[in-house]
Amino acid sequence: KDLLLSNNYFYGTIPNTIRSLVRLERIHLAHNSLHGTIPDDLLSLVRLRELELSHNAQERHCYPAFAGCGISHLKYQGGGICCNSDNGTTICSDEAGVEVDKDNLRFCLTPALRGPIPAGFGNTPYLE
């Protein structure tokens, strides 16, 4: 009935498989490190009355273009990208969170939840 997972340092996207949790009434995923878009699959949760996704933006991280991200800043043509830090952590971002710093030959990523709220949310009968 409730999925209360705020403040857990989760990183990644909201999986489409969330639609299988058909009895969910409350989803709280605030204060994590989620990125990508809000999946349309949330619309299949007809009992959903609370959805809390605030404060999921992450800090900006910069990486040497080829060494950290596996692609030259000159060959990057847009789209999402993942880069690896020296400590083995992988950070990914969609195109809106990618900044190409050509002067310093690096990529700067700011992953966050982005994009439009799915149009059908207005028809969700219990959502507050």
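First things first, this report covers the structure right here in the doc.

Definitions and cut-offs
- Residues numbered from 1 in each chain as written.
- Predicted model: local features only at pLDDT ≥ 70, side-chain atom pairs only at ≥ 80, totals over all residues.
- Heavy atoms only, no water.
- Pairing = 2+ DSSP bridges.
- Helix = DSSP H or I, 4+ residues; strand = E, 2+ residues; numbered from the N terminus.
- Contact = heavy atoms within 4.5 Å.
- Core = buried A, V, L, I, M, F, W, Y, C linked by side-chain atoms within 4.5 Å.
- Buried < 20%, exposed > 50% of the residue type's maximum accessible area, 1.4 Å probe, protein only.

Some remarks on the pairing of strand S9 (residues 98-101)
Stage number 1. Note that S9 and strand S10 (residues 106-109) share four bridges and pair antiparallel. If you follow Val 100 over to S10, its bridge partner there is Phe 107.
Stage number 2. Where S9 folds back on S10, the antiparallel hairpin that results is connected by four residues, among which Leu 105 adopts a positive phi of roughly 55 degrees.

Thoughts on the environment of Leu 5
Stage number 1. When you line up the elements, Leu 5 lands in the loop between strand S1 (2-4) and strand S2 (11-12).
Stage number 2. Considering only alpha carbons, one finds Leu 5 and His 31, 26 residues apart in sequence, at a separation of 9.1 Å.
Stage number 3. Leave out the neighbours within four places in its chain, and Leu 5 touches Phe 10, His 28, Leu 29 and Asn 32.

Examining the nonpolar core
Stage number 1. Core analysis: the biggest nonpolar cluster contains 12 residues, these being Ile 14, Ile 18, Leu 24, Ile 27, Leu 29, Leu 34, Ile 38, Leu 42, Leu 45, Leu 48, Leu 53 and Phe 121.
Stage number 2. When residues no more than four places from it in sequence are discounted, the contact partners of Ile 14 are Leu 29, Leu 34, Pro 39, Leu 53 and Leu 113.
Stage number 3. In terms of nonpolar packing, the next biggest core, distinct from the first, is built from 10 residues, Ala 65, Cys 69, Ile 81 and Phe 107 among them.

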